[in-house]
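Listed here are the chains, written in short residue letters.
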Protein chains: 2
Amino acid sequence: MPVRPSPESHEALVARMLAGVRASGLKLTRQREAIVHELAGDETHPTAQALFERLLVRLPGVSFATVYNTLDALSSAGLCASLSLAPGAARFDPNMGAHHHAVCDECGTVLDVPTRDGASERASAGGPPGFTVRAIERVYRGVCAACRARPRRSARS
Amino acid sequence: MPVRPSPESHEALVARMLAGVRASGLKLTRQREAIVHELAGDETHPTAQALFERLLVRLPGVSFATVYNTLDALSSAGLCASLSLAPGAARFDPNMGAHHHAVCDECGTVLDVPTRDGASERASAGGPPGFTVRAIERVYRGVCAACRARPRRSARS
DNA sequence: ATGAGTGCAAATGCTTTGCATCCTG
DNA sequence: CAGGATGCAAAGCATTTGCACTCAT
């Protein structure tokens, strides 16, 4: 396996997500299939808007609300993650494996950061009294390579 | 003294923030003084809206835009933190010391989590190639005590 | 006085919703 | 065939901005 192994091939990921859609009692429509296919192959953590625009190519006429609602349904079903790590639009991540994120303060881009060891996270659970910890996330804040080369940009998608 | 000692007294924090305002070349207006005073005494990580409403009591007629712009100026000057850890409104934190946050998935509430050791964070720097890490943040995701007692709520402020 | 700050309102952008129609299961 | 899903448009919030006026420096 590669150094940073994709947990699954694109096809396998699509198949597993589609299976998850049905397993969750959600209906499998042409739109949802296209959305899942598009998201599964996207490692850029796209916003709903970005995914929508890419989707228009393969599914002309699809509604933005449908994309939005479907992404919400997918994340609610635990089939993808909805990330709100920076101001502006939420970003969606098809990778449900354990990993962290690096967020660019300049452009809002989100990059994956592989987990080195699951141990430290589990060990440090706890949080405030009465607070039930579901997950511990590590966020790397900084400036991405592109923005470093080209200073001063908006922090939006 | 309280169980969880504030690093500084309210008054000291206010004084340091006001000094910072002037040191940053920002003008010290009645509105800004009130905003700083209000924020410095608030450990609930209020949204701009929440702070604005509380502020209306002591400074009737203050404009929401002013509160908003001032919070932006303060965080840009490094005098407070602007947190975007959940969907919805940004939250503001007067505590600039090293600490982490616990975010309730149900109601969006943000709680402070003291840092146990600064070592682990620094050691794990790095992030994606070409990415300049400025800070590493740990976010505890879960459900707060209040929401645990009263299930099913909106995730907004 | 000079220009940053303020208040007001309107504009943007992201997200959500109502409703009539369509289509999966 | 029933209820969920879609498309469209409009409504809701969060955030930002333009502009005339005020005030801190």
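Worth saying up front: this structure is predicted, and the values here are computed from it rather than measured.

Glancing now at the domain arrangement of chain A. Residues and elements named next belong to chain A. The assigned domain composition of chain A is domain 1 (10-92) and domain 2 (96-149). When each unit is reduced to the centre of its C-alpha atoms, the spacing between domain 1 and domain 2 is 22 Å. With both sides pooled, the region where domain 1 packs onto domain 2 buries about 810 Å², and carbon together with sulfur makes up 62% of that total. Considering only the surface of domain 1 that becomes buried against domain 2, H45, L85 and R91 emerge as the three largest contributors, covering 63% of it. Linking domain 1 with domain 2 are zero salt bridges, by the criterion used here. Where domain 1 packs against domain 2, one counts four residue pairs in polar contact (both at pLDDT 80 or more). Per-class residue counts for the side of domain 1 that touches domain 2 are six nonpolar, three polar and one charged.

Bringing the relation of the copies chain B and chain A into the picture now. At an RMSD of 0.1 Å, chain B and chain A line up after a rotation of 180 degrees and a shift of 0.0 Å along the axis. The superposition operator between the copies reduces to a two-fold rotation axis. The share of interface residues of chain B whose copies in chain A are also at the interface is 100%, consistent with both copies meeting through the same surface.

This part is about the protein's contact with DNA strand C. Residues in close proximity to DNA strand C total 20 residues, the closest being Y68 and A90 of chain A together with T29, R32 and T66 of chain B. The sugar-phosphate portion of DNA strand C accounts for 79% of its atoms within 4 Å of the protein, the bases making up the rest. In this structure, R32 of chain B approaches DNA strand C through a side-chain N or O atom, which is 2.5 Å from a phosphate oxygen. Residue T66 of chain B places a side-chain N or O atom 2.7 Å away from a phosphate oxygen belonging to DNA strand C. Secondary-structure elements contributing two or more residues to the surface near DNA strand C are helix 4 (64-76) of chain A together with helix 2 (30-40) and helix 4 (64-76) of chain B. Take the surface near DNA strand C: its biggest share by element is four residues, from helix 4 of chain A. Considering only residue class, the surface near DNA strand C consists of nine nonpolar, seven polar and four charged.

Before going further, it helps to spend a moment on helix 1 (residues 10-23) of chain B. Residues and elements named next belong to chain B. In this model helix 1 runs 20 Å from its N-terminal to its C-terminal C-alpha over 14 residues, within 8% of the 20 Å that 1.5 Å per residue would give. Tucked into the core, helix 1 has its buried residues touching helix 2 and helix 4. Looking one or two residues past helix 1, G25 carries a phi angle of roughly 80 degrees, positive in sign.

With that settled, the discussion passes to the packing of aromatic side chains. On inspection of all chains with the given rule, the structure shows four aromatic pairs over all chains. Joined through ring pairs, the aromatic side chains of F52, F64 and Y68 of chain A make up one cluster.

This part takes up the sheet that holds strand 4 (residues 110-114) of chain A. Taken together, six strands build an open sheet; the order of strands is 4(A)-3(A)-5(A)-5(B)-3(B)-4(B) and the sheet is mixed. Looking at strand neighbours, the two that pair on one side only are strand 4 of chain A together with strand 4 (110-114) of chain B, the edges of this open sheet. Neighbour to neighbour, the strand axes of the sheet diverge by 35 degrees on average, direction disregarded. Pairing of strand 3 (residues 99-104) of chain B with strand 4 of chain B, which is carried by five bridges, proceeds in the antiparallel orientation. When the bridges of strand 4 of chain B are listed, V103 of chain B appears paired with V110 of chain B.

What counts, and at which threshold
- Residues numbered from 1 in each chain as written.
- Chains lettered and ligands numbered in written order.
- Predicted model: local features only at pLDDT ≥ 70, side-chain atom pairs only at ≥ 80, totals over all residues.
- Heavy atoms only, no water.
- Domains from an automatic or database assignment.
- Buried area = accessible area lost by both parts, 1.4 Å probe.
- Salt bridge = Lys/Arg side-chain N within 4 Å of Asp/Glu carboxyl O.
- Polar contact = N/O pair within 3.5 Å; in protein donor to acceptor, adjacent residues only side chain to side chain.
- Nonpolar A, V, L, I, M, F, W, Y, C, P; charged D, E, K, R; others polar.
- Least-squares fit on C-alpha atoms with pLDDT ≥ 70 in both.
- Contact = heavy atoms within 4.5 Å.
- Near = heavy atom within 4 Å.
- Helix = DSSP H or I, 4+ residues; strand = E, 2+ residues; numbered from the N terminus.
- Expected span 1.5 Å × (residues − 1).
- Phe/Tyr/Trp six-rings, centres within 6.5 Å; stacked < 30°, edge-to-face > 60°.
- Pairing = 2+ DSSP bridges.
- Axes fitted to C-alpha atoms, helices over the stretch in contact; angles between N-to-C directions.

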